Amino acid sequence: MNNNTNNSNSNDWQVICRVEDIPVLGARRVARPVGVDVAVFRNAEDQVFALLDRCPHKGGPLSQGIVFGTSVACPLHNWAIGLDDGCAKSPDEGCTPRFAVKVEDGQVMMNVVELKTHALDLAPPRAGPGAATADKLGDESFDVQAPHGS
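Residues numbered from 1 in each chain as written. Predicted model: local features only at pLDDT ≥ 70, side-chain atom pairs only at ≥ 80, totals over all residues. Heavy atoms only, no water.

Asker: Provide a residue-level description of the sheet that holds strand E5 (residues 66-68), including the pertinent values.
Answerer: In a beta sheet, neighbouring strands pair by backbone hydrogen bonds and run either parallel or antiparallel. An order of E5-E6-E7 is seen for the three strands of this open sheet, with the pairing classed as antiparallel. Strands at the two margins of the open sheet, each flanked by one partner only, are E5 and strand E7 (80-82). On average, adjacent strands in this sheet sit at an angle of 30 degrees to one another, irrespective of strand direction. As paired elements, strand E6 (residues 71-73) and E7 share three bridges and run antiparallel to each other. Its bridge partner lying in E7, Val72 is registered against Ile81. (Pairing = 2+ DSSP bridges. Helix = DSSP H or I, 4+ residues; strand = E, 2+ residues; numbered from the N terminus. Axes fitted to C-alpha atoms, helices over the stretch in contact; angles between N-to-C directions.)

Now the structure itself:
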């Protein structure tokens, strides 16, 4: 894998963490230099999904939602968002951008170009980390973690 982000292309994948670093039925946030963080989810079947950490309804932080099946419930208004497509379940409407993610040998990987360029124009969540607290207590995010054993 090419880790030189200055010459990255759409085939470059970055190791984010190991699958077991994501809590079952939970999420981790991947901070980006620009734009809203990305939420990486793990369901009960160890499937991994990645969505912009922002509900399409009121901008709630999806990384703080409850994962069930292949959906996450937004913590603000309990909208169910599909983890595979980022879209709200009927009767609700709207979608949040999703990101390509793959798992190889237990390592969760995301596309470097997509992380740097996808969905940069949306506002951050209106609650939770990065919201109105403006870097006060409880406003932490986590950088991309180096893989274990490196």
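Asker: Summarise the environment of Gln14; cite the residues concerned and give the values.
Answerer: With respect to the helices and strands, the residue Gln14 is situated in strand E1 (residues 13-18). Among the residues examined, Gln14 registers a relative accessible area of 26% and is labelled partly exposed. It is 10.0 Å that separates the C-alpha atoms of Gln14 and Lys102, two residues lying 88 residues apart in sequence. (Buried < 20%, exposed > 50% of the residue type's maximum accessible area, 1.4 Å probe, protein only.)

Asker: Report on the environment of Gly69, specifying residues and quantitative values.
Answerer: Summarising the element assignment, Gly69 is placed in the loop between E5 and E6. Separated by 14 residues in sequence, Gly69 and Leu83 place their C-alpha atoms 8.9 Å apart.

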